Amino acid sequence: MSGGKMLRHIQFWILAVLGTVLLTGCGSEYLVLNPKGPVAETQYNLIIISTILVAIIIVPVIALTAFIVYRYRDTPGNKASYKPEWAHSTTLEVIWWIIPIVIVALLGYFTVRDVYLLKENPNKEVAPITIQVTALDWKWMFTYPEQNIATVNHLEIPAGVPIRFQVSADAPMNSFWVPELGGQIYAMAGMATELYLQADEPGTFAGFSSNFSGEGFAKMQFDVVAKPKDEFDKWVKEVKGTTPAMTKADYEELRKPGVTDKFTYSAFPEGMFEEIVAKYGHGHDMDYVMEKLPAPAGNKSSNETSLNTHQKTESHNMPGMNHSSMNH
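Calculation rules
Residues numbered from 1 in each chain as written. Predicted model: local features only at pLDDT ≥ 70, side-chain atom pairs only at ≥ 80, totals over all residues. Heavy atoms only, no water. UniProt positions renumbered as here; feature names shortened; annotations may be inferred. Helix = DSSP H or I, 4+ residues; strand = E, 2+ residues; numbered from the N terminus. Salt bridge = Lys/Arg side-chain N within 4 Å of Asp/Glu carboxyl O. Buried < 20%, exposed > 50% of the residue type's maximum accessible area, 1.4 Å probe, protein only. Pairing = 2+ DSSP bridges. Axes fitted to C-alpha atoms, helices over the stretch in contact; angles between N-to-C directions. Contact = heavy atoms within 4.5 Å.

The name that an unreviewed UniProt entry assigns to the chain is Quinol oxidase subunit 2, with the source organism given as Brevibacillus antibioticus. As its UniProt record puts it under Sequence similarities (unreviewed entry), the chain is described as follows: "Belongs to the cytochrome c oxidase subunit 2 family." Turning to the chain, the UniProt annotation filed under Catalytic activity (unreviewed entry) states: "2 a quinol + O2 = 2 a quinone + 2 H2O".

Here it is in structure tokens:
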């Protein structure tokens, strides 16, 4: 290759790298891989570890591929060695078997360790509070069983306190996601999934639905406002003293497909979340999540409510599913 041609190639690759960096559009406001709590921090570290381990294989393979293509290209005057009878190298066999085995073992170890870790309270020194999340068409409803209040499309939490989210749906399957606090978890009718999140500091974090669910899917966004514990307690008192209680008629109105504004309620019908889960539950045992529910003050136990609502199962009306040909 002539000197002029080589220089043009170098200029091209320098401009390509600069263009890639400058056109990415990334700034300081990005949400993903910007952890603001221990759960997101653990997931971020796992992604970085996995990326490094995978790069140990990918980068040398890509570099060697480029080198081999260039070194052994079919051009007149190429002085690269030519060994058509070569067939085996014990040294190379050891290298390309041992390295991947070690990397896969390390990936498995870190992944299993963090998956089990993320199932538990990320802050053992602080008792978590429970918030129940219900995905509706096309809005998010949050009920606080310990405070006996409810909100729609708006979530307030105490900073520095782990939150145990119990997630379900009274609509087609959705996905609850607050990127700066942790990964997503599915919201499915007839099931209750569990997710721990925590905001280390006060702030406002964007929440989304990350699973397409129809016409109003793009409007299923909400803010998570983390504030100091005393301010959170003050907000709860304010909600209980200044907002109306949610009735079953209010909930039936929320269930109807459509987008809506933010709402706040000073109370909600007893056992409503348990009833929503049991309604499409087919009698599935949800105790591994639901047994941790504390009963709201002055209400009947959640177990009693669940038993009552199991008798009212509406499995044939499960959102997004046609059960007409199924034999339940």
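Visitor: Would you mind showing me how to read the UniProt feature "transmembrane region" (unreviewed entry) in the chain here?
Guide: Those residues carrying the UniProt feature "transmembrane region" (unreviewed entry) are residues 12-32, 44-70 and 91-112 in this numbering. In residues 44-70, the share of helix is 100% and the share of strand is 0%. The end C-alpha atoms are 37 Å apart.

Visitor: What is the right way to read the pattern of salt bridges from this model?
Guide: For side chains of opposite charge, pairing can occur when their charged atoms come near one another. Going through the model one piece at a time under the given rule, you end up with 8 salt bridges. The residue Glu156 makes a salt bridge to Lys227 at a minimum N-O spacing of 2.6 Å. Residue Glu156 is found in strand β4 (residues 154-158), and its partner Lys227 is found in strand β10 (residues 222-227); the two are separated by 71 residues along the sequence. Residue Glu156 is classed as buried on the basis of its relative accessible area of 7%. Note on Lys227: relative accessible area 15%, which makes it buried. For Asp233, the salt bridge goes to Lys229, with nearest N and O atoms at 3.1 Å. Of the two residues, Asp233 and Lys229 both sit in helix α4 (residues 229-242), 4 residues apart, roughly one turn of that helix.

Visitor: Even after reading the chapter, I still don't get the sheet that holds strand β6 (residues 174-177), so can you show me in this structure?
Guide: Sheet strands pair by backbone hydrogen bonding; their relative direction is either parallel or antiparallel. With respect to topology, 5 strands assemble into an open sheet ordered β4-β10-β9-β6-β7, the strand pairing being mixed. In this open sheet, the two edge strands, each paired with only one partner strand, are β4 and β7 (185-187). Within the sheet, the average angular offset between the axes of one strand and its neighbour, ignoring direction, is 25°. One ladder, built from 3 bridges, connects β6 with β7; its direction is antiparallel. Bridge assignment links Phe176 to a residue of β7, and that residue is Ile185. Across the face of the sheet, α4 comes into contact with β4 and β10 while running at roughly 135° to β4.

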